[in-house]
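Chain and residue survey
As a plain string of letters, each chain reads:
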Amino acid sequence: MSDSQTNMQGEAQSLEHYWMPFTANRQFKSKPRLLAEAQGMYYKDTKGRSVLDGTAGLWCCNAGHGRKEISQAVSKQIHQMDYAPSFQMGHPLAFELAERLAQISPEGLNKVFFTNSGSESVDSALKIAINYHRARGESTRTRFIGRELGYHGVGFGGISVGGIGGNRKTFSQQLLPGVDHLPHTLDMQGNAFSRGMPKTGAEKADVLEQLVALHGAENIAAVIVEPMSGSAGVILPPEGYLQRLREITKKYGILLIFDEVITGFGRVGDAFASQRWGVTPDMITTAKALNNGAIPMGAVLIDDAIYDASMQGPDGIELFHGYTYSGHPVAAAAAIASLDIYQNEQLFERSRELEGYFEEAVHSLKGLPNIIDIRNIGLVGGIQFSPSEEGVGKRGFGIFEHCFANGTLVRATADIIAISPPLIIDKQQIDQIVNTLGDAIRAVG
């Protein structure tokens, strides 16, 4: 047996013990795609082949891979203090990071609650909303309003307010009671091939008025939406839609939560999508690019009024919620180093500067076989295909596989290909992603 065969056999055996998340495990293990190194805009697989990263990992690595500033900060901190408890104790970096986040957050969102993931950020925000209303003497406000096609992580709270059927149906009997959903904003007939925000569809926000009439404002704690739905396939809000949601929630004293786990930290051209689109919610959930994907970490950005209301009761614990790793010192060090990179290299601004070129490149695919829509904003694009005769998702996965085999990583969600490269990308690399994608579309048909 050759060395390469021995390595392949060992590699195949090692795959058996890991139950992979959101993965067709049997399919993957029969034809694995393994990444071994990463630097700048590129991964290397286990065979040493370069793969251009068209996804920023998983919407995470906005500053690119292998940033020495981050690894050095992590190394320094883990040698100085690897862990510190966050219950009734603290450490300086968590407070420094919270201050840094407040400086780039929308006005008024000056308080930060740390988590370890986007899923935990969502569940934390939902709990904070209920805690806020209870502190104000409105304990009947326990109902949440999500949105169809929304993705808010995999906690039972996040699945409950989420609106992707495949994520919900297995656990449908265990989801939170008292949850309703707004209609999604994807309009394939009226807004296909929109560039940026669609022009029509803001009236879909008015369904919230109907839900208020149905359930009573006095029973609704919060509305949670992604400003741009990422996991469902890059679904953008129509012009005026988010503003209308803000108007209605304020009218009835309902909190508005923006899930910016994907859109945060420069993806759509500002630190947060709420700033890009001029709508300030009461809370923002974050994770992923918070520390460039280096170490699991998330955060909830919270309006001062919510925090202040919770501080009015008797002395003691104001919120019975938290995580062992909240504000973890090593993760916080990585986040501070990431924020420095974003600022020093003006990567949020770079996303906006490249938006026009990226838009033209992505929309140049229009007219290729089976494309029924292209959507884009900032440095994120979605290309939607009609399903093949073999079933939903087969065409999208085939295009994903073809791209990877030809040195480019894209993301497949059913029959939608999403592109969300690191913000350090240049025009030549944008062309490479789009050209490889175009070849894959023609090949798969």
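Rules used throughout
Residues numbered from 1 in each chain as written. Predicted model: local features only at pLDDT ≥ 70, side-chain atom pairs only at ≥ 80, totals over all residues. Heavy atoms only, no water. UniProt positions renumbered as here; feature names shortened; annotations may be inferred. Pairing = 2+ DSSP bridges. Helix = DSSP H or I, 4+ residues; strand = E, 2+ residues; numbered from the N terminus. Axes fitted to C-alpha atoms, helices over the stretch in contact; angles between N-to-C directions. Contact = heavy atoms within 4.5 Å. Domains from an automatic or database assignment. Buried area = accessible area lost by both parts, 1.4 Å probe.

- The name recorded for the chain in an unreviewed UniProt entry is Aspartate aminotransferase family protein, from Shewanella atlantica.
- Reading the Cofactor (unreviewed entry) entry of the UniProt record for the chain gives the comment "pyridoxal 5'-phosphate".

1. Overview of the sheet that holds strand E14 (residues 411–413)
- The four strands lie next to each other as E11-E12-E15-E14, forming an open sheet whose pairing is antiparallel. Looking at the sheet topology across the chains shown, the edges are occupied by strand E11 (371–377) and E14. In this sheet, neighbouring strand axes are inclined to one another by 20 degrees on average, regardless of whether the strands run parallel or antiparallel.
- Note: E14 against strand E15 (residues 416–419), three bridges, orientation antiparallel. The residue of E15 that forms the bridge with Arg411 is Ala418.

2. Regarding the sheet that holds strand E5 (residues 143–147)
- With respect to topology, seven strands assemble into an open sheet ordered E4-E10-E9-E8-E7-E5-E6, the strand pairing being mixed. The strands lining the two open edges of the sheet, one partner per strand, are strand E4 (111–115) and strand E6 (179–182). Mean inter-strand twist for the sheet, computed between neighbouring axes without regard to direction, equals 20 degrees.
- Relative to strand E7 (residues 220–225), E5 runs parallel, the two sharing three bridges. Bridge pairing links Arg143 to Ile220 in E7.
- Across the face of the sheet, helix H10 (residues 241–252) comes into contact with E5, E6, E7 and strand E8 (255–259) while running at roughly 150 degrees to E8.

3. Re the domain arrangement of the chain
- Structurally, the chain comprises domain 1 (33–63 + 348–444) and domain 2 (71–344).
- Taking the mean C-alpha position of each, domain 1 and domain 2 sit 26 Å from one another.
- The interface is formed by 36 residues belonging to domain 1 together with 34 residues belonging to domain 2.
- Here domain 1 and domain 2 share an interface that buries about 3000 Å² over both sides, 58% of which is from carbon and sulfur atoms.

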